[in-house]
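Geometric and topological summary
Chain residues, written in single-letter form:
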Amino acid sequence: MELTRQQVEQIAHLARLDLSAEEITLYQNQLSAILDAADRLTELDLDGVLPTARAVPMQNVMRPDRVEPSLPLEDVLYNTDHQASDQFVIQAILDD
Amino acid sequence: MDITDLTLIELRDALRAGATSSFVATQAMIDRIVTYDNALCSYLNLTDQDALQQASDADSRLADGEELPLLGVPIAVKDIICTSGVETTAGSKILEGFIPPYDAFVVEKLKEAGAVILGKTNTDEFAMGSSTENSAYVTTHNPWDVSRVPGGSSGGSAAAVAARLAYGALGTDTGGSVRQPASFCGVVGLRPTYGRVSRWGVIAFASSLDQVGTFGRNVADCTALFQVITGHDRRDSTSLDVPYENFEAVLTGDVAGLRVGIPQEYFIAGIEPEVEAAVRTAIDKLAELGAEIVEISLPHTEYALPVYYLIAPAEASANLARYDGVRYGPRLKADDMIATVKKTRSLFGAEPKRRIMLGTYALSAGYYDAYYGRALKARTLIKNDFKRAFEQVDVIATPTSPTTAFKIGAKVDDPLSMYLSDIFTLSLNLSASCGLSLPCGFDSNGLPIGLQLIGDTLQEATILNAAYAYEQATDWHERAPVLPESSSEQ
């Protein structure tokens, strides 16, 4: 499976990664090699095999629907310098 | 006797008997870390002042006659596990300076048990790696030969325990990240069944595979630490609500009649002859002790690597999407929000970027069925292999890794070759099994060799006791590495 340069750029955009030209070349080669190795799975007959998403199956794990104390705001906001009025500040994503 | 040479259990007993104090033990460990860790780099963050305070508190409680499982015992914690008020980076620049507002469940448990937390140990970035060379901060060196890697990703914890720079340590194991470094460093490392230990507060890599495990210099130490971190936690919906078991009490050393399976698929070309010989000798020893050796087959073993390297990156790409510089970690500002997020995410190192790219591709429209979907189905076949095997046997014995510790730099440019280091450990993470690695010999370079024992779902007691029996009959665990002294300037 040979990935094209455009494909690698598109994946990087989807993953919100800013890659340099060298990184794109590097990942184009490395991802193609890893996907080649993954193509071995096409040897398997998987008709009728159910997928396993978790090692130990569990269903409908519920908790009591109860209001409990949250973390203190100052602790939550401690890890950013970008805050105002007890909120995280980001750049505008919509026009006025 | 040097107090740092005591095992965890010996120290615990000495503290209870009043023969020494936690302060003395903690100070001795800190002194030893200052002397030797410049050369090893097992710790990212030594919290010595906090540790000495915790030790003093423990001494008061010991004087009051309190009996807690780890009261006053100094322990190290892998830096992917959140510690309240103490920087936690997951080995990544994208979390540099991150101060968690809460403790992980396993850290709560350590504190409840009275343990002293010495500091945070090095890890491959987001636990992605097999050598700690992917840490954004420093590469840890193997205490048995500082020109070699300690394994990974929990290489800092394994090296610290091997070098007597902690009485025990916590790690995490997503594809072998406890067992493989345990093997490379000559210590015991346990990877419990998925769901046995809560993942609350553990920075997520691949959520369906991650599990916290424990390191000890011997089986009893590893077990005592494991005992403390078990228990149901409703904050992790995958935490299993299972009855309490006393794991220390099951270490009888009696393996008469235990059925030990040897999977033919784990003795393949590419395995170092000295590793194979040591593991086969260890299996003979188990037979001598009364175990019944059974040849078995895990026919889909060869597919585990591709399955793992589709599922783990897919889950990682989703988990690592949260690192956008908004709530924690540095924010590198650019013209608009998307550009800011992209620029900030350039703080990821090469391996997380590679896995995010791979995972994003495997999950993307048009490729999902061909890659991720197919991998989930193949995972079922691997899981069924183990299910069938455990109808025949109680324990499966294999090498932990095909080689002993490799040279620093030997595999960094070849991810596929690095990934092969985990070829014997990652099947277990895909299934519902538990496993451990314990020392079973040394190669001609004096490097430790690990024996992996795999157990069925929630059968930690069975593999711990089998390991204990083997350990009682051998003395590999009593050897200690000779450390190079380094400058005491920190």
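Bear in mind that the values here come from a model prediction, so they are computed numbers and not experimental data.

About the thresholds
In this convention, every chain numbers its residues from 1, walking through the sequence in written order. Both sets of labels track the order of writing: A upward for chains, 1 upward for ligands. Totals for whole chains, interfaces and linings use every residue, but because this is a predicted model, local features are given only for residues with pLDDT of at least 70 and side-chain atom pairs only at 80 or more, for both listing and counting. The basis for every side-chain value is the complete set of heavy atoms in the structure, and neither hydrogens nor water enter the calculation. Numbering of helices and strands runs from the N terminus; a helix is a DSSP stretch of H or I covering at least four residues, while a strand is a stretch of E covering at least two. Only protein chains enter the area calculation, which uses a 1.4 Å probe; residues under 20% of their type maximum are buried, those over 50% are exposed, and those in between are partly exposed. Only four residue types enter the tally: Lys and Arg on the positive side, Asp and Glu on the negative side; His and the chain ends are excluded. Charge placement uses NZ in Lys and CZ in Arg. For Asp and Glu, CG and CD serve respectively. To form a nonpolar core, buried Ala, Val, Leu, Ile, Met, Phe, Trp, Tyr and Cys residues must be joined to one another through side-chain atoms within 4.5 Å. In this analysis, two residues are considered to be in contact whenever any of their non-hydrogen atoms come within 4.5 Å of each other. Helices are assigned an expected span. That span is 1.5 Å times one less than the residue count. Here the rule is simple: two strands pair whenever DSSP picks up at least two bridges between them. The handedness of a crossover follows from its direction of travel: if, with the strands pointing away from the viewer, the path from the first strand over the helix to the second runs clockwise, the crossover is right-handed. Aromatic rings from Phe, Tyr and Trp, taking only the six-membered ring of Trp, are treated as a pair when their centres fall within 6.5 Å; an angle between ring planes under 30 degrees marks them as stacked, one over 60 as edge-to-face, and anything in between as tilted. Charge over a ring is defined by NZ of Lys or CZ of Arg lying within 6 Å of the ring centre and within 35 degrees of the ring normal.

A word on the overall build of chain B
Broken down by element type, chain B carries 15 helices and 11 strands. Taking the principal axes of its C-alpha atoms as reference, chain B extends roughly 65 × 55 × 45 Å. Counting the 490 residues in chain B, one finds 66% classified as buried. Charge-centre separation for chain B: the mean point of 40 positive side chains lies 8 Å from the mean point of 61 negative side chains.

Some details on the nonpolar core
Formed by 174 residues in total, the largest nonpolar core has its most connected members in Ile81, Val106, Leu110, Phe126 and Leu453 of chain B. Every residue in contact with Phe126 of chain B, bar those within four places of it in the chain, is listed here: Ile80, Ala90, Ser92, Ile94, Leu95, Ile203, Phe205, Leu320, Tyr323, Phe348 and Pro352 of chain B.

Quick notes on helix 11 (residues 350–363) of chain B
Residues and elements named next belong to chain B. Compared with the 20 Å implied by 1.5 Å per residue over 14 residues, the 20 Å span of helix 11 between its first and last C-alpha is a close match. The buried fraction of helix 11 is high, at 12 of 14 residues. Three or more residues of helix 11 are buried, namely Glu351, Pro352, Lys353, Arg354, Arg355, Ile356, Met357, Leu358, Gly359, Thr360, Tyr361 and Ala362.

Some details on unusual backbone geometry
Geometrically, the link from Gly152 of chain B to Ser153 of chain B is a cis peptide bond, its omega value of 10° lying close to zero. Mapped onto the elements of the fold, Ser153 of chain B is located in the loop between strand 3 (116–121) and helix 5 (155–162).

Quick look at the pairing of strand 3 of chain B
Residue and element names in this part refer to chain B. Most of strand 3 is tucked away, with six of its six residues classed as buried. As judged from the three bridges shared by strand 1 (residues 43–46) and strand 3, these two strands associate in the antiparallel manner. Paired with Asn45 across the strands is Lys120, a residue of strand 3. One ladder, built from five bridges, connects strand 2 (residues 74–78) with strand 3; its direction is parallel. Looking across to strand 3, one finds that Ile75 is bridged to Ile117. The handedness of the strand 2 to strand 3 crossover, carried by helix 4 (residues 105–112), is right-handed.

Some remarks on the packing of aromatic side chains
All names here are of chain B. With the rule as written, the count across this model stands at 17 aromatic pairs over all chains. When the centroid spacing of 4.9 Å and the interplanar angle of 75° are considered together, the rings of Tyr308 and Tyr309 count as edge-to-face. Pair check on accessibility: Tyr308 and Tyr309 agree, each one buried. Of the aromatic side chains, those joined through ring pairs into one cluster are Phe98, Phe126, Tyr323, Tyr328 and Phe348. Lying across the ring of Phe267, Arg280 places its NZ or CZ 4.1 Å from the centre. Just above the ring of Phe406 sits the side chain of Lys411; from NZ or CZ to the centre is 4.6 Å.

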